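Structural overview for review
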Amino acid sequence: MRGSRILLALSAPAFACGILAAGPAHADDPSDPTMTPQAIARDRAIIRKLNQDQLASVRKRDAQYAEGWKAYKGQRGEERGGDDSDARNYAEARRQYDADLARWRRDVAACRAGDYSRCR
């Protein structure tokens with residue numbers, strides 16, 4: 001109990017300073033007298049430079065990612081012997097699934113039509 005009073009007493013001035021120091025932000029205030037046409041042009045140039053630097057950074061990062069993925073895929077191809085066995089296996093499994101589904105739908109339609117030997 002005593003410790004919490006001390007903590008409260010110590011944190012109250014810091015909290016009060018934070019509230020008193022915080023004021024409304026006046027970003028892009030049209031009535032700001034320091035924002036002359038030259039200052040606006042300077043801000044625009046700075047923002048444009050920051051955006052271009054960020055774009056260059058993102059493009060460099062993406063190029064590194066692409067290079068890494070290319071190396072990874074090449075490595076996986078070497079491990080498999082360079083063939084597309086996964087793609088062929090998937091295509092075959094998909095054809096089998098589609099055939100089974102079509103057979104099942106025909107059986108359901110026949111069952112509903114009265115051919116109870118097709119009901120499972």
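Residues numbered from 1 in each chain as written. Predicted model: local features only at pLDDT ≥ 70, side-chain atom pairs only at ≥ 80, totals over all residues. Heavy atoms only, no water.

**Section: the overall build of the chain**
Across its full length, the chain carries three helices and zero strands. The buried share of the chain, reckoned over its 120 residues, is 4%. With an accessible surface of roughly 11,000 Å², the chain has 59% of that area assigned to carbon and sulfur atoms. (Helix = DSSP H or I, 4+ residues; strand = E, 2+ residues; numbered from the N terminus. Buried < 20%, exposed > 50% of the residue type's maximum accessible area, 1.4 Å probe, protein only. Areas by Shrake-Rupley, 256 points an atom, 1.4 Å probe, with all protein chains shown as cover.)

**Considerations on the state of the cysteines**
Under the definition given, this model contains one disulfide. The disulfide partner of Cys 111 is Cys 119, and the gap between their sulfur atoms is 1.7 Å. Its S-S torsion of about 100 degrees marks the bond between Cys 111 and Cys 119 as right-handed, since a negative value means left-handed. For Cys 119, a relative accessible area of 29% corresponds to the partly exposed category. (Disulfide = S-S within 2.5 Å.)

**Comments concerning the confidence of the model for the chain**
On average, the chain scores 81 in pLDDT, and the residues at 70 or more come to 69%. Within the chain, helix H3 (residues 85-112) carries the highest mean pLDDT (93), whereas helix H1 (residues 2-21) carries the lowest (60). (pLDDT = per-residue confidence, 0-100.)

**Description of the packing of aromatic side chains**
Scanning all chains against the criterion turns up one aromatic pair. Ring geometry for Trp 69 against Tyr 72: centres 5.6 Å apart, planes inclined by 85 degrees, an arrangement best described as edge-to-face. In this pair, Trp 69 and Tyr 72 are both assigned in helix H2 (residues 37-79), three residues apart and thus about one turn of the helix distant. Judged by its relative accessible area of 53%, Trp 69 falls in the exposed class. We classify Tyr 72 as partly exposed; its relative accessible area is 41%. (Phe/Tyr/Trp six-rings, centres within 6.5 Å; stacked < 30°, edge-to-face > 60°.)

**Re the pattern of salt bridges**
Applying the stated criterion across every chain, the model contains six salt bridges. With a closest N to O distance of 2.9 Å, Asp 62 and Arg 61 form a salt bridge. In this structure, the salt-bridge partner of Asp 100 is Arg 103, at a minimum N-O distance of 2.9 Å. Of this pair, Asp 100 and Arg 103 both sit in helix H3, three residues apart, roughly one helical turn. (Salt bridge = Lys/Arg side-chain N within 4 Å of Asp/Glu carboxyl O.)

**A short note on a nonpolar patch on the surface**
Together, Tyr 65, Trp 69 and Tyr 72 line one region of the surface with nonpolar side chains, adding up to about 390 Å² of accessible area. As for its placement among the helices and strands, Tyr 65 is situated in helix H2. (Patch = residues over 30% accessible without salt bridge, like charges linked within 9 Å, V, L, I, M, F, W, Y side chains within 5 Å.)

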